[in-house]
Amino acid sequence: MKNSEILDFLKSKNEDILDLLKKSNSIRNYNNITFSKNVFIPITHICRNSCGYCTFKKYPEDVAELIMSKSKIMKNLKNADKYKCKEALFTFGERSDEIDSIQDELNKMKYDTMTEYLYHISEVTLKETELLPHTNCGIISKNELKMLKEVNASMGLMLENVSPRLMKTPAHELSPGKDPKLRIETIENAGKLKIPFTTGLLIGIGETIEERVSSLLKLRKIQDKYGHIQEIIIQNFRSKPGIPMEKHPEPSFLEILKTVAVANLLFPDVSIQVPPNLNNETSQMFLLAGADDWGGVSPVSKDFVNPEAPWPEIEKLRNITFEAGFNMVERLPVYKKYINSEFLSEKILKKIEDINSRYGANF
Ligand code: SF4
């Protein structure tokens, strides 16, 4: 697809939108919508950035526990095991170990960096539970990615947008880690290391339609070069009380719908994910536009990034998927085509074998 064609699609009106939806549907060759049953573990809410739309970040003085303890993490993971979750989603604020109080806390536990702690937690997860770690990594170095690959089934970092202009807007003016150059570098390093990767766009944070096009094309270029992007999330900005961007308008339903359809056309080799909890009323329409994955859905934990938006129950999600004409199928945090020794460590491949034999499945 050419730049101008994508732009025309994203700017389309009335009957042209129906044409776009038809076009997107014409390349659909599947009837399954996937999801990953997960548990969300916020290892720390401390973050060096301050994004204008964030409700996840907390300040050290406002939290009782700076870093979630190993015992608390294990309790949550064991509970998730009971609910047959397969994914342990580890999330944390970016480069929190640049903050003194976090560094002190890590040192008390005999770790130098948050990545070391995360490595240890991921390793124990593989040894003591039936879950596969997926880490939302933030900006980390190539060496750190390499280290975590050994104990993670997949990793993720939202590109959000390629526009450096946003670094001067309320969305990212206080967030050095949102420099698109750094994010692209991390996504590319994951590609060089062959780490199955989740990324995506955040829509409605002040970007122009042209900047959305550039962001999609940049991801296409990265995928053509490395082939490691397993899913692209199209996530809509949601206004929440108390955030700096509280008064910023949310993107319209049609803007998201068109972006989903265009992403599907541009990435026939990648899953397109729209989080159902951010789009309660409209999520079925995104399936009709080409989305084929609901992402992580948890029966045991809330979405700590969007705490005001609970995940729908899995059965309810299954019903709305069926009503839209599809089947809902569980997947692992790594997509099937990446389950091989080129992309996964021996430890992870062994764990997947265990999971398959435990559940009599062929994930
Ligand atoms: S959105 Fe992520 S990177 Fe930005 S402040 Fe919140 S936790 Fe940090």
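Note that the structure is a prediction, hence the values are computed from the model and not measured. (Residues numbered from 1 in each chain as written. Predicted model: local features only at pLDDT ≥ 70, side-chain atom pairs only at ≥ 80, totals over all residues.)

Peer 1: Just checking my understanding: could you explain the overall build of the chain for this structure?
Peer 2: Summing up its helical and strand segments, the chain has 12 helices and nine strands in all. Radius of gyration (C-alpha) of the chain: 20 Å, near the 21 Å computed for a compact globule of 363 residues. The C-alpha extent of the chain, read off along each of the three principal axes, is 60 × 50 × 35 Å. Relative to its 363 residues, the chain shows a buried fraction of 44%. Long-range contacts, defined here as pairs at least 24 residues apart, represent 77% of the contacts in the chain between residues at least 6 apart. (Helix = DSSP H or I, 4+ residues; strand = E, 2+ residues; numbered from the N terminus. Rg over C-alpha atoms; globule rule 2.2 N^0.38 Å. Buried ≥ 20, exposed ≤ 12 C-beta atoms within 10 Å, placed from the backbone. Contact = placed C-beta atoms within 7 Å.)

Peer 1: Can you walk me through the site of the ligand in this structure?
Peer 2: Around the ligand lies a shell formed by Cys 47, Asn 49, Ser 50, Cys 51, Cys 54, Phe 56, Lys 57, Gly 93, Glu 94, Ser 175 and Gly 177. When grouped by side-chain class, the residues that make up the shell around the ligand number four nonpolar, five polar and two charged. (Near = placed C-beta within 6 Å. Nonpolar A, V, L, I, M, F, W, Y, C, P; charged D, E, K, R; others polar.)

Peer 1: Would you explain the nonpolar core in this entry?
Peer 2: Note on soluble globular proteins: their nonpolar side chains tend to be buried together. Membership of the largest hydrophobic core comes to 85 residues, with the highest contact counts inside it found for Val 39, Ala 88, Ile 232, Ile 234, Val 260, Val 262 and Ala 263. In terms of residue count, helix 9 (residues 253-266) provides more of this core than any other element does, eight residues in total. Setting aside anything within four residues of it in sequence, one finds Ala 263 in contact with Leu 216, Ile 232, Ile 234 and Ile 272. (Core = buried A, V, L, I, M, F, W, Y, C linked by C-beta atoms within 7 Å.)

Peer 1: How do you make sense of the environment of Leu 344 when you look at a structure like this?
Peer 2: Mapped onto the secondary structure, Leu 344 falls in the loop between strand 9 (327-330) and helix 12 (346-359). Each C-alpha atom, one on Leu 344 and one on Leu 66, is 31 Å from the other, the two residues being 278 residues apart in sequence. Leu 344 has contacts with Ala 153, Val 334, Tyr 338, Ile 339 and Leu 349, leaving out every residue within four places of it along the chain.

Peer 1: Any chance you could explain the pairing of strand 2 (residues 87-92) here in plain terms?
Peer 2: Side-chain direction in a regular strand flips from residue to residue, so the side chains alternate between the two faces of the sheet. Counting buried positions along strand 2 gives six out of six residues, so the element sits mostly inside the fold. Taking every second residue as pointing to the same face, both faces of strand 2 are buried, with Glu 87, Leu 89 and Thr 91 on one and Ala 88, Phe 90 and Phe 92 on the other. Here six bridges tie strand 1 (residues 32-44) to strand 2, and the two strands are oriented parallel to one another. Along strand 2, the bridge assignment pairs Ile 41 with Phe 90. In this view, the connection linking strand 1 to its parallel neighbour strand 2 by way of helix 3 (residues 70-82) has right-handed handedness. The sheet contact formed by strand 2 and strand 3 (residues 132-136) spans five bridges and is parallel. Bridge pairing in strand 3 links Glu 87 to Leu 132. (Pairing = 2+ DSSP bridges. Right-handed = clockwise from strand over helix to strand, strands pointing away.)

Peer 1: Even after reading the chapter, I still don't get the environment of Leu 126, so can you show me in this structure?
Peer 2: Relative to the elements of secondary structure, Leu 126 occurs in helix 5 (residues 114-128). Overall, Leu 126 belongs to the buried group, with 22 C-beta atoms counted inside 10 Å. Considered as a pair, Leu 126 and Ile 339 are 213 residues apart in the sequence and their alpha carbons are 16 Å apart. The residues touching Leu 126, leaving out its near neighbours within four places in the chain, are Val 151, Lys 347 and Lys 351.

Peer 1: Can you help me understand the packing of helix 8 (residues 209-226) against helix 9 in this one?
Peer 2: When two helices pack together, their arrangement is captured by the angle between the axes and the distance separating the axes. As a packed pair, helix 8 and helix 9 sit with axes 11 Å apart at the nearest point and diverge in direction by 25 degrees. Relative to helix 9, the element helix 8 is oriented roughly parallel. As for how helix 8 packs across helix 9, the hand of that crossing is right-handed. Contacts between helix 8 and helix 9 involve Arg 212, Leu 216 and Arg 220 on the former and, on the latter, Thr 259, Val 262, Ala 263 and Leu 266. (Axes fitted to C-alpha atoms, helices over the stretch in contact; angles between N-to-C directions. Parallel < 35°, antiparallel > 145°, perpendicular 65-115°, else oblique. Left-handed = near helix turned anticlockwise from the far one by under 90°.)

Peer 1: Help me out: how do you make sense of the pairing of strand 1 in this one?
Peer 2: Of all 13 residues in strand 1, 11 are buried; the element is thus mostly enclosed. Where strand 1 and strand 9 come together, four bridges link them in parallel fashion. By the bridge assignment, Thr 34 is partnered in strand 9 with Val 329.

Peer 1: Looking at this structure, how should I read the packing of helix 2 (residues 15-26) against helix 9?
Peer 2: Relative to each other, helix 2 and helix 9 sit at 35 degrees, their axes nearing to 9 Å. When you trace helix 2 past helix 9, the crossing you get is left-handed. Between helix 2 and helix 9, the contacting residues are Ile 17, Leu 20, Leu 21, Lys 23 and Ser 24 on the first element and Leu 254, Lys 258, Ala 261, Asn 264 and Leu 265 on the second. For the contact of helix 2 with helix 9, the per-class residue count stands at six nonpolar, two polar and two charged.

Peer 1: Is there a simple way to think about helix 6 (residues 142-149) in this case?
Peer 2: Owing to its 3.6 residues per turn, the α-helix aligns residues three or four sequence positions apart on the same side. Within helix 6, burial applies to Glu 144, Leu 145, Leu 148 and Lys 149. Seen along its axis, helix 6 keeps its buried residues to an arc of 140 degrees; they face one direction. Against helix 5, strand 3, strand 4 (154-156) and helix 7 (180-192) lie the buried residues of helix 6. (Arc of directions from axis to C-beta.)

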